[in-house]
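Descriptive analysis of the structure
This is what each chain is made of:
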Amino acid sequence: MIKVDKKEIFRYLGYRKNLPDEEVMGLVDRCLADLQAAVTPRCIFRQYPIESVYAIDPAGRPKDQGAKEAARPLLRIAGMEIRSGSLSRNLRGCESVYLLGTTLGLGPDRLVARASVTHMSRAVILQAAAAAMIEAWTDSVNRQIMEQAAAQGLYCRPRFSPGYGDFPLEYQQDFARILQLQKEIGVTLTESLLMMPSKSVTAVIGLSREKEGCVLHGCEECTKAEDCAFSVSEDA
Amino acid sequence: MVKKNRKPLLERLGREWLFFDGGTGTILQEKGLQGGELPETWNLSRPEDIIDLHCGYLEAGCDIFNTNTFGANALKYPHDLREIIEAAVSLAKEARQRTGREDAYIALDIGPTGRLLKPLGDLSFERAVDLFAQVVRIGAAAGADLVLIETMSDSYESKAAVLAAKENCSLPVLITNVFDKNGRLLTGGTVDSVVAMLEGLGVDGLGVNCGMGPAQMIPIVKRLTETASVPILVNPNAGLPRTENGRTVYDVDPETFAGWMKQIAAMGVQAVGGCCGTTPAHIRRTVECVRGTGPAAQSGAGFADPLSVDAAAFPAGETPRPDQADSPLEAGVPFRPNTKKHRTVVSSWLQAVEIGKKPLIIGERINPTGKKKFKEALRKKDLNYILDEGLGQEQSGAHILDVNVGLPEIDEPQMMEEVVTGLQSITSLPLQIDTSDPEALERGMRLYNGKPMVNSVNGKQESIEAVFPLAAKYGGVVVGLTLDEDGIPQTADGRIEIAKKIYEAADRYGLPREDVVIDALAMTISSDTGGALVTLETLRRVRDELHGHTVLGVSNISFGLPARAIINAHFLTMAMQMGLSCAIMNPGNAEMMAAYRAFLALSDLDPQCMGFIEAYADAQPVMVTASGKDPAGEAGKAIETGKAGRPGKPDQTGSGAAASGAAGGRSPSLGESILRGMDQSAADAARARLETGIPALDLINNELIPALDTVGKGFEKGTIFLPQLLMSAEAARAAFEVVKETLQDKKQETKGRIILATVKGDIHDIGKNIVKVMLENYGYEILDLGRDVAPETIVETTRREDIRLVGLSALMTTTVVSMEETIRQLRAARPETRIVVGGAVMTQEYADAIGADCYAPDAMATVHYAETVFQ
């Protein structure tokens, strides 16, 4: 059973600081119960060294606007060559990473498809509750990783997924291959690089000898953060 | 050891021990394959290493070895697929020659595509078949001896691969799937459901590989031996994986592995080998231990390796241990061929349903016969209406759903495909494909993710020739109607003769007799009062003399009579007593369901009467007046107040409960029901208002619409949120439905027709569906083209249907590109059509940049824009 913070569900539903009425509350509870019975949570994570990092600016920022290459240093992880300024900022000071894949399985997708035939209200709530649930599941896997890292004297950075900042979505294909996502946890990619089951997460988690304020997830790297109805900080 | 004569594989498989090879990835990684490097490229770049891999396994004594083609398909190798597969087969031949193992069989190895099939994924079933077919054609032409499909975790993809193999070569086809420790595929199927489907498709052997070590596989193997009739294949990993420096390692050593495989072999499987982490040493020891040519194993070495045993997979106290060395290994394991199980099973993507254990209900409601609204839904391609019929019947207790979408003016094969694939994405009930059009039958059977029921064949030669070849190819349990060229026999003798004829035809076409279910034909007693007795006698004789299973369209018995439900319910009881296996009926009929549940309880088929109690614990006493004037429907109403009926709609959102809570003295008004999003009470309130004589249009304009507007304004102000908006919309819809019934004779006008689609490449359609609900509420007719829709389809439909407004949705930055392309094509073909766009990544700037007429940030904004377009 995955423990889900209902406030997260309300946030995904766009309630901001408000609480839903009694009918919606009841529906959220029923949807959560149905989801708990339908999910098949799975995960896979493996540790890899960061093989080389070129030209990292100490501040992690471009020295001048023209030096784009310098702002987007090359990272080599598990055979991937990644040019991403935001990822290299995230991984500043890290010597290795975990690559992570998590999923709730196809159960939530089937429930949403089913509800879409009869009650869209239910479909919308299932969707939000499943979104909160995959975050909760990924958080719990992330905590396991933090423990494993701690045993090696390492500290975790916030997890960072393809598609965040300038870390291109195309790397989903590399994740799929390196972690054998289809075989190991049943996660496939569509032609347009969406993951199916849709409630799935892939991420890099940096590991460093130095402790930094580690949060499990946040809005800091999202470009939408300023005017987003779902912003964590605004509701917290 | 030079063995030259290679017997045909099927002369050996299932008759003597055969051994598969072990892991490929494990060996290639040792030879330097990088994580993430595509192993099949080595067929071209490092051929000697591949030959060496095969030689290792051939020298270890395996009989069947895999070409290095697991991931070879045109998605991964768009340019050099042929070279890679041809090289793979040729390297396998070379290895066979070098080792003098000419008796060994080269298996063309086929793994999953890595993509998920439609409708949940974006790979179409036929495209998957094509991808596999390419591999099969190249591999068979190059000289493979068999096709081995392996590591499949989705039954639908398994079906595509098996069909591709059977349609494109004449080689034996073997398949192994990956099950987890709960005995399920990643997509949900069970051993039972997978076995039913694959045996129906005619595979030559099936089993399990990968995912687990031998110890954890034992419960799966046990179930396979209980369900499968064809040879069983077991290829485990060398234990459960562990990660070391980013590499996966497996800990079960050859000795321990062989000990487990000996135990597995003794369970009644016919061929064993290994998968990830196993090496030639594992296979050599396994061959020695199972075939019994080797020395005794070293005493106890490594047997208690805790990593190889997942205690959670077994009930407490039953954790198995590998055979200890005190049993003399050189004796080997006596070979036992598999036995025929003779079970009658249909299956879906999730579950198997066995016919003959207790009577089953086949829901008959997905059928246009005599249903005006259903016909209308078929003509308008309103898939939701049809799917809703399916969900409703599931809710009411159906075990199998009959699917009949035949209507003269529609493309039945196409509709069959859409309804079958639609249903199997939302319900796990097995389907019964019901059509007299052989093309529609084949489409339905082919696209079905499981082993379907087929309705129907009969004793006519023409029917036998049309239906049995399809059943033999795709698998299915066929309903055999006891009628032929001479019509319907008036006697049980005559019907039994036809039943025998149908069984014999099944023999000729190679369909097992247990895959035929005889329809004894219920004919109305209003024209022949002896009709029921003939039917009942036929049922009894099929059970007692032919040892077969039976099916009936039960309610035909009362055609032309009043109070049909009374006759139907009693006839159902009598038929079940005579052995009826499947009743085709409306599971929403309370009287028949009561008869069914009572029969189960009385026949000791309902453990502790739990099914009956659950259904009727809250029921009011049934009051049937003695006068006989009480219409059957009324008599049954009391029963319906129990949980057994179908109160309200499926997936009831709880508005029912809320309604009764709010009742406390008075029922909520129509407006209140809509504002609070209570659909059942909204429908009740609308009905009550109409009964007071208020004109329908007044009700709509003065009560329904204002309530809806209040909610819409609240949503825009941010005081009402999306779930409430939708619940109110649903409540309003429920009220509309009631009002519409009273307007049935008058022509109903829509404000306008709008196309909605999620663009190509995007498979998330929740946003589009929200917009659809809201637009429908405001009186627009929606042509919902679904998700992942090609620009051409949108343009074509817009032109054909003369559409003035198109709404497009895209979730990802990557799919906004297809939105732009769709707009470009629409503009060129239909400059007068307006385009509104929305979706998670969409912004006003984006919308402007790609040339949309309007950006709608939410559903209400789309409604407002539609109002300006259709002013």
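Reading the values: the criteria
Residues numbered from 1 in each chain as written. Chains lettered and ligands numbered in written order. Predicted model: local features only at pLDDT ≥ 70, side-chain atom pairs only at ≥ 80, totals over all residues. Heavy atoms only, no water. Helix = DSSP H or I, 4+ residues; strand = E, 2+ residues; numbered from the N terminus. Buried < 20%, exposed > 50% of the residue type's maximum accessible area, 1.4 Å probe, protein only. Contact = heavy atoms within 4.5 Å. Areas by Shrake-Rupley, 256 points an atom, 1.4 Å probe, with all protein chains shown as cover. Domains from an automatic or database assignment. Core = buried A, V, L, I, M, F, W, Y, C linked by side-chain atoms within 4.5 Å. Phe/Tyr/Trp six-rings, centres within 6.5 Å; stacked < 30°, edge-to-face > 60°. Buried area = accessible area lost by both parts, 1.4 Å probe. Salt bridge = Lys/Arg side-chain N within 4 Å of Asp/Glu carboxyl O. Polar contact = N/O pair within 3.5 Å; in protein donor to acceptor, adjacent residues only side chain to side chain. Axes fitted to C-alpha atoms, helices over the stretch in contact; angles between N-to-C directions. Parallel < 35°, antiparallel > 145°, perpendicular 65-115°, else oblique. Left-handed = near helix turned anticlockwise from the far one by under 90°. Expected span 1.5 Å × (residues − 1). pLDDT = per-residue confidence, 0-100. Pairing = 2+ DSSP bridges. Nonpolar A, V, L, I, M, F, W, Y, C, P; charged D, E, K, R; others polar.

A short note on the overall build of chain A
On a plain count of helices and strands, chain A comes out with nine helices and eight strands. With 236 residues in all, chain A has 56% of them scored as buried. Once local pairs closer than 6 in sequence are excluded, the contacts in chain A between residues at least 24 apart make up 75%. Total accessible area on chain A stands at roughly 10,200 Å², and carbon and sulfur atoms take up 51% of it.

A few points about the domain arrangement of chain B
Where interface size is given, it is often the accessible area lost as the parts come together that is meant. When cut into domains, chain B gives domain 1 (16-331), domain 2 (344-589), domain 3 (590-647), domain 4 (655-742) and domain 5 (752-869). The gap between the C-alpha centroids of domain 2 of chain B and domain 5 of chain B is 41 Å.

So, the nonpolar core
Judged by nonpolar contacts, the single largest core of 141 residues is most densely connected at Ile149, Leu198, Leu206, Val234 and Phe468 of chain B. Here this core takes nine residues from helix H5 (residues 125-142) of chain B, the largest share from any one element. The residues that make up this core include at least three from each of domain 1 (16-331) and domain 2 (344-589) of chain B. Apart from residues lying up to four places away in sequence, Phe468 of chain B is in contact with Val457, Ile502, Ala505, Ala506, Tyr509, Leu511 and Val516 of chain B. In terms of nonpolar packing, the next biggest core, distinct from the first, is built from 95 residues, Leu126 of chain A together with Ala735, Met774 and Tyr865 of chain B among them.

Some thoughts on the packing of aromatic side chains
Counting across every chain of the model gives twelve aromatic pairs over all chains. Where Tyr15 of chain A meets Phe721 of chain B, the ring centres are 4.2 Å apart and the plane angle is 35 degrees; that geometry is what we call tilted. You can see Tyr15 of chain A sitting in the loop between helix H1 (6-12) and helix H2 (22-38) and its partner Phe721 of chain B sitting in the loop between helix H25 (696-717) and helix H26 (722-742), one on each of two chains. Comparing Tyr15 of chain A with Phe721 of chain B, the two get one shared label, buried. Between Phe45 of chain A and Tyr98 of chain A the ring centres are 5.8 Å apart and the planes differ by 75 degrees, which places this aromatic pair in the edge-to-face class.

Thoughts on the interface of chain A and chain B
The partner chain B presents 62 residues to the 49 residues of chain A that form the contact. Both sides together, the interface formed by chain A and chain B hides about 4,800 Å², and carbon and sulfur atoms give 60% of it. Scanning the region where chain A abuts chain B turns up four salt bridges. Between Asp180 of chain B and Arg42 of chain A there is a salt bridge, with its nearest N and O atoms 2.8 Å apart. On inspection of chain A and its partner chain B, the count reaches twelve residue pairs in polar contact (both at pLDDT 80 or more).

Quick look at unusual backbone geometry
Residues and elements named next belong to chain B. Residue Pro119 follows Lys118 across a cis peptide bond; omega there is 5 degrees. By the secondary structure assignment, Pro119 is in the loop between strand E3 (105-110) and H5. Note that the residue after Asn455, namely Ser456, is joined by a cis bond; omega there is 15 degrees. As for its position among the elements, Ser456 is in strand E16 (residues 453-458).

Focus on the packing of helix H6 (residues 120-151) of chain A against helix H27 (residues 766-777) of chain B
Interaxial distance between H6 of chain A and H27 of chain B falls to 10 Å at its minimum, and their mutual angle equals 155 degrees. The orientation of H6 of chain A relative to H27 of chain B falls into the category roughly antiparallel. For the element pair H6 of chain A and H27 of chain B, the recorded crossing hand is left-handed. Of the residues in H27 of chain B, those in contact with Met120, Ala123, Val124 and Gln127 of chain A of H6 of chain A are Ile766, Asn769, Ile770 and Val773 of chain B.

Considerations on the environment of Met812 of chain B
Inspection of the secondary structure assignment puts Met812 of chain B in the loop between strand E23 (805-809) and helix H29 (813-829). Overall, Met812 of chain B belongs to the buried group, its relative accessible area being 17%. For Met812 of chain B and Val129 of chain B, which are 683 residues apart along the polypeptide, the C-alpha to C-alpha distance reads 28 Å. The residues touching Met812 of chain B, leaving out its near neighbours within four places in the chain, are Leu169 and Leu194 of chain A together with Asp762 and Val841 of chain B.

Considerations on the pattern of salt bridges
Residues and elements named next belong to chain A. Going through the model one piece at a time under the given rule, you end up with 70 salt bridges over all chains. We note a salt bridge from Arg11 to Glu8, for which the minimum N-O separation is 2.7 Å. Pair noted here: Arg11 and Glu8 are both in helix H1, with a separation of three residues, about one helical turn. Using a relative accessible area of 6% as the deciding quantity, one classes Arg11 as buried.

Some remarks on the environment of Lys76 of chain B
Residue and element names in this part refer to chain B. Here Lys76 lies in the loop between strand E2 (64-66) and helix H4 (81-99). Between the alpha carbons of Lys76 and Asp388 there is a distance of 39 Å; along the sequence they are 312 residues apart. When near neighbours in sequence (up to four residues on either side) are disregarded, Lys76 contacts Gly71, Pro112 and Thr113.

A word on helix H7 (residues 191-200) of chain B
Taking burial as the measure, the ten residues of H7 of chain B include nine buried ones, the bulk of the element. Taken residue by residue, H7 of chain B has Val191, Asp192, Ser193, Val194, Val195, Ala196, Met197, Leu198 and Gly200 of chain B as its buried positions.

Some details on helix H19 (residues 590-602) of chain B
Along an α-helix, residues three or four positions apart point the same way, because every turn accommodates 3.6 residues. All names here are of chain B. With 13 residues, H19 should cover 18 Å at 1.5 Å per step; its first-to-last C-alpha distance of 18 Å lies within 8% of that length. In terms of residue burial, H19 counts as a mostly covered element, since ten of its 13 residues are buried. Looking at H19, one finds that the buried residues are Ala590, Glu591, Met592, Met593, Ala594, Ala595, Tyr596, Arg597, Phe599 and Leu600. The distance from a side-chain oxygen at the start of H19 to the backbone nitrogen of Glu591 is 3.1 Å, and the residue carrying that oxygen is Asn589. A positive phi of about 60 degrees marks Asp604, the residue just after H19.

With respect to the environment of Met25 of chain A
Residues and elements named next belong to chain A. Here Met25 is to be found in helix H2. Taking the C-alpha atoms as reference, Met25 lies 9.3 Å from Phe10; in sequence the two are 15 residues apart. Leaving out residues up to four positions away in the same chain, Met25 has contacts with Phe10, Leu19 and Pro20.

Topic: the confidence of the model for chain A
Detailed conclusions should not be drawn from predicted coordinates in areas where pLDDT is low. Residue and element names in this part refer to chain A. With 81% of its residues at a pLDDT of 70 or more, chain A has an overall mean of 84. Element-level pLDDT for chain A is lowest in helix H9 (residues 232-235), with a mean of 42, against a maximum mean of 96 in strand E6 (residues 188-189). Taken together, the stretch residues 61-66 has pLDDT below 50 and engages in three contacts with residues farther than four places along the chain or on a different chain.

Quick look at the sheet that holds E16 of chain B
All names here are of chain B. Taken together, eight strands build a closed barrel; the order of strands is E13-E14-E15-E16-E17-E18-E19-E20 and the barrel is parallel. In this sheet, neighbouring strand axes are inclined to one another by 30 degrees on average, regardless of whether the strands run parallel or antiparallel. Where strand E18 (residues 516-519) meets strand E19 (residues 549-553), three bridges bridge the pair, whose relative direction is parallel. Within the sheet, the bridge partner assigned to Ile518 lies in E19 and is Thr550. Those strands touched by helix H17 (residues 531-544) are E18 and E19, and its axis lies near 160 degrees from that of E19.

Thoughts on the sheet that holds strand E5 (residues 173-177) of chain B
Residue and element names in this part refer to chain B. On the basis of which strands lie adjacent, the open sheet formed by eight strands has the order E1-E10-E7-E6-E5-E4-E3-E2 and parallel pairing. One side of each edge strand has no neighbouring strand; the edge strands of this open sheet are strand E1 (18-19) and E2. With two bridges connecting them, E1 and strand E10 (residues 271-272) associate as parallel partners. Residue pairing in the sheet places Leu18 in a bridge with Ala271 of E10. Here H4 sits on the sheet and contacts E2 and E3; the angle it forms with E3, its principal contact strand, is near 150 degrees.

Overview of the side chain of Ser158 of chain B
Turning to its location among the elements, Ser158 of chain B is positioned in helix H6 (residues 155-168). In contact with Ser158 of chain B, other than residues within four places in its own chain, are Met152, Ile175, Asn177, Met197 and Leu198 of chain B.

Side note on the confidence of the model for chain B
Residues and elements named next belong to chain B. Of the residues in chain B, 89% have a pLDDT of 70 or more, and the chain-wide mean is 89. Predicted confidence is poor over residues 294-319, with pLDDT under 50, and the contacts of this stretch with residues over four places away or in other chains come to 59 contacts. Low confidence marks residues 324-329, where pLDDT is under 50. Its contacts with residues over four positions away, or in another chain, come to 18 contacts. Predicted complex metrics record ipTM = 0.86 and pTM = 0.89.

A short note on the packing of helix H15 (residues 461-474) of chain B against helix H16 (residues 492-509) of chain B
Residues and elements named next belong to chain B. One way to put it is that H15 packs onto H16 with a least axis distance of 10 Å and a crossing angle of 45 degrees. In this view, H15 runs oblique relative to H16, as classed from their interaxial angle. Like other packed secondary-structure pairs, H15 and H16 cross with a definite hand, here right-handed. On H16, the residues that touch Gln461, Ile464, Glu465, Phe468, Pro469 and Ala472 of H15 are Ile502, Ala505, Ala506, Arg508 and Tyr509. Taken together, the residues of the contact of H15 with H16 break down into eight nonpolar, one polar and two charged.

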